[in-house]
Amino acid sequence: MVKVVRNRYLVFKVYTEKKLDLDREDIKQTLFNTARTLFGEVGLAKLNLQLIDFNPSNLEGILKCGHKTVTETRAIIATITSLKKEPVNLHVKGVSGTLKRARKKFIEKKENNNRKKED
Amino acid sequence: MVKTFIDLGIYPEGIEKEEVEKIVIHARKLGYTKICLVLKSFKDFNFKIFEGLGIEIIPRLEVEGSTVNMVKKQVLKRGNLQRLAVFSVFAENKRVAMWAARNRWINIIRVPSYSFNKIINWSIARLLASNNKAFELQTAPILRVRGIVRSKLLKSFHVMVSRLLNAKTPIVVSSGANNVYEMRRPQDTAALATLVGLPLEEGLKGVSITPENIVLKAFQRKTLAGIPEGVKIVQKENV
């Protein structure tokens, strides 16, 4: 059976020059508040957003959305300009259809490359 | 498949090496292959120091003024057009926009974000399209404001974008960033442009194909291909 809503997983990264103590809740609040400001409550409901994962050490996270709302989700991520009153820059590293693939392609690959460089 | 991404509008706050280098490195990380730096003067700026960073830097000169004469004077003063790649005009009113749309040296037109509708009317949009001049849409003004001000700005952008799309005017989507925090990935910039009614395909064209054509056209100016055809003199017997 064909799924009505197919999920997409967006891997994003927070860029900041200062060291910020960010946790999952901070990111989640900011993302959802920005989405509500941009598209309203009805729009937010349609986006089907869910913060799957956020790693405070490398400031990377995974956000789930519907396959038809990837562009809007990208716009939400791009609109965020500050976190904890510090200027930040969020950008999408890549989009994948499965969580496993998203982790493998955009998170683990980089970690493997870093390990190779250290060796 | 789109591969070359160009950010045509980066406005560094200063010309100090560290500041510009930070922007250049960040642009490369974000996936741009070429960027345009808009500086008031290129006299004290050395482009060669950024050669090893793997990204092409294109100079862009922008002139602005409230009257056509003011803009013309600036063009003449800063002239040296042969050396510069991209030339743009920040049009503060309809007359300047009309003049810039007709001038063959000008590649890009930019207008103040709060008065798009007053300046770019249907005839200017058509003129831009027929003369193959691009209109620049910057995303940084959207990021700098919030609430009702942003809502009003988006509305103004929306009306203008639909007008430009109807007139088939080439649209360039650039960041208009002053610092690294206002820069976004090309795909994210195109996604931001969808907020003002620009379809994603057009947005992606606006960060890749359209700016590339502008840069090519600007570089052509330096060669013989950039000289327009004049009157051809033929001998009487051949007529």
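First, a word on scope: everything that follows refers to the structure included in this document. Note that this is a predicted model, so its numbers are computed, not measured. (Residues numbered from 1 in each chain as written. Chains lettered and ligands numbered in written order. Predicted model: local features only at pLDDT ≥ 70, side-chain atom pairs only at ≥ 80, totals over all residues. Heavy atoms only, no water.)

**Structural notes on the overall build of chain A**
Scanning chain A from terminus to terminus reveals three helices and six strands. Counting from the amino terminus, helix and strand elements in chain A follow one another as β-α-β-β-α-β-β-β-α. Since a compact globule built from 119 residues should have a radius of gyration of about 14 Å, the 15 Å found for chain A is in line with a globular shape. Seen through its principal axes, chain A has C-alpha atoms that stretch 50 × 40 × 20 Å. Classification of the 119 residues of chain A by burial places 43% in the buried group. Considering only contacts within chain A whose residues lie at least 6 apart along the sequence, 70% involve residues at least 24 apart. Here chain A displays about 7,000 Å² of accessible surface, and carbon together with sulfur accounts for 48% of that area. (Helix = DSSP H or I, 4+ residues; strand = E, 2+ residues; numbered from the N terminus. Rg over C-alpha atoms; globule rule 2.2 N^0.38 Å. Buried < 20%, exposed > 50% of the residue type's maximum accessible area, 1.4 Å probe, protein only. Contact = heavy atoms within 4.5 Å. Areas by Shrake-Rupley, 256 points an atom, 1.4 Å probe, with all protein chains shown as cover.)

**A few points about the environment of Glu13 of chain B**
All names here are of chain B. Structurally, Glu13 can be placed in the loop between strand 1 (6–10) and helix 1 (17–30). Note on Glu13: relative accessible area 57%, which makes it exposed. Taking the C-alpha atoms as reference points, Glu13 and Leu39, separated by 26 residues in sequence, lie 9.0 Å from one another.

**Description of the packing of aromatic side chains**
The final tally for this structure, using the stated rule, is two aromatic pairs over all chains. Between Phe12 of chain A and Phe54 of chain A, the aromatic rings sit 6.4 Å apart at their centres with planes inclined by 15 degrees, giving stacked as the arrangement. Residue Phe12 of chain A is located in strand 1 (residues 7–15), and its partner Phe54 of chain A is located in strand 2 (residues 50–55); the two are separated by 42 residues in the primary sequence. Grouping residues by exposure puts Phe12 of chain A and Phe54 of chain A together as buried. Look at Tyr15 of chain A and Tyr181 of chain B: their rings are 6.1 Å apart centre to centre, the planes differ by 50 degrees, and that puts the pair in the tilted class. With Tyr15 of chain A in strand 1 and Tyr181 of chain B in the loop between strand 7 (171–174) and helix 8 (186–193), this residue pair bridges two chains. Note on accessibility: Tyr15 of chain A and Tyr181 of chain B belong to one class, buried. Looking at Arg104 of chain B, its charged tip hangs above the ring of Trp105 of chain B, at a distance of 4.8 Å from the centre. (Phe/Tyr/Trp six-rings, centres within 6.5 Å; stacked < 30°, edge-to-face > 60°. Lys NZ or Arg CZ within 6 Å of the ring centre and 35° of its normal.)

**Examining the packing of helix 1 (residues 24–47) of chain A against helix 2 (residues 70–79) of chain A**
All names here are of chain A. In contact at an axis separation of 9 Å, helix 1 and helix 2 are set at 160 degrees when each is read in the N-to-C sense. Compared by their axis directions, helix 1 and helix 2 come out roughly antiparallel. Here helix 1 runs over helix 2; the crossing is right-handed. Across the interface between the two elements, Leu31, Thr34, Ala35, Leu38, Phe39 and Leu47 from helix 1 touch Glu72, Thr73, Ala75, Ile76, Ile77 and Thr79 from helix 2. Looking at side-chain class alone, the contact of helix 1 with helix 2 contains eight nonpolar, three polar and one charged residues. (Axes fitted to C-alpha atoms, helices over the stretch in contact; angles between N-to-C directions. Parallel < 35°, antiparallel > 145°, perpendicular 65-115°, else oblique. Left-handed = near helix turned anticlockwise from the far one by under 90°. Nonpolar A, V, L, I, M, F, W, Y, C, P; charged D, E, K, R; others polar.)

**A few points about the sheet that holds strand 3 (residues 56–65) of chain B**
All names here are of chain B. Taken in spatial order, the seven strands of this open sheet run 1-2-3-4-5-6-7, and their pairing is parallel. This sheet does not close on itself; its edge strands, each paired only once, are strand 1 and strand 7. Taken pair by pair, the neighbouring strands of this sheet meet at an average axis angle of 30 degrees, ignoring direction. In terms of strand pairing, strand 2 (residues 34–38) meets strand 3 through five bridges, oriented parallel. Within the sheet, the bridge partner assigned to Leu37 lies in strand 3 and is Pro59. (Pairing = 2+ DSSP bridges.)

**Concerning helix 2 of chain A**
Along helix 2 of chain A, eight of the 10 residues are buried, which leaves the element largely enclosed by surrounding structure. For helix 2 of chain A, the full list of buried residues reads Val70, Thr73, Arg74, Ala75, Ile76, Ile77, Ala78 and Thr79 of chain A.

**Observations regarding the pattern of salt bridges**
In the structure shown here, the tally under the stated rule is 12 salt bridges over all chains. The shortest N-O distance in the salt bridge between Lys18 of chain A and Glu86 of chain A comes to 3.3 Å. Taken together, the residues Lys18 of chain A in the loop between strand 1 and helix 1 and Glu86 of chain A in strand 5 (residues 86–87) connect sequence positions 68 residues apart. Residue Lys18 of chain A is classed as exposed on the basis of its relative accessible area of 51%. In this structure, Glu62 of chain B and Arg110 of chain B form a salt bridge, with 2.8 Å as the shortest nitrogen-oxygen distance. Remark: Arg110 of chain B occurs in strand 5 (residues 108–110) and Glu62 of chain B occurs in strand 3; sequence separation between them is 48 residues. A single burial state applies to Glu62 of chain B and to Arg110 of chain B, both of which are buried. Linked through salt bridges whose partners overlap, the residues forming this network are Arg60, Glu62, Arg110 and Glu136 of chain B. (Salt bridge = Lys/Arg side-chain N within 4 Å of Asp/Glu carboxyl O.)

**A short note on helix 10 (residues 209–220) of chain B**
Residues and elements named next belong to chain B. Taking 1.5 Å per residue as the helical rise, helix 10 with its 12 residues ought to reach 16 Å, and the 16 Å between its terminal C-alpha atoms agrees with that figure. Burial in helix 10 covers these residues: Thr210, Pro211, Ile214, Val215 and Ala218. In a view along the axis of helix 10, the buried residues occupy a sector of 135 degrees, so they form one face of it. (Expected span 1.5 Å × (residues − 1). Arc of directions from axis to C-beta.)

**Section: the interface of chain A and chain B**
Counting residues at the interface gives 20 residues for chain A, matched by 18 residues for chain B. Across the chain A to chain B interface the summed buried area is about 1,700 Å²; carbon plus sulfur atoms make up 57%. At the junction of chain A with chain B, the criterion picks out two salt bridges. Between Asp188 of chain B and Arg74 of chain A there is a salt bridge, and its shortest N-O distance comes to 2.7 Å. At the junction of chain A with chain B, the criterion picks out 12 residue pairs in polar contact (both at pLDDT 80 or more). Elements with a contribution of two residues or more to the side of chain A that touches chain B: helix 1, helix 2 and strand 6 (89–96) of chain A. Residue composition of the side of chain A that touches chain B, by class: 10 nonpolar, seven polar and three charged. (Buried area = accessible area lost by both parts, 1.4 Å probe. Polar contact = N/O pair within 3.5 Å; in protein donor to acceptor, adjacent residues only side chain to side chain.)

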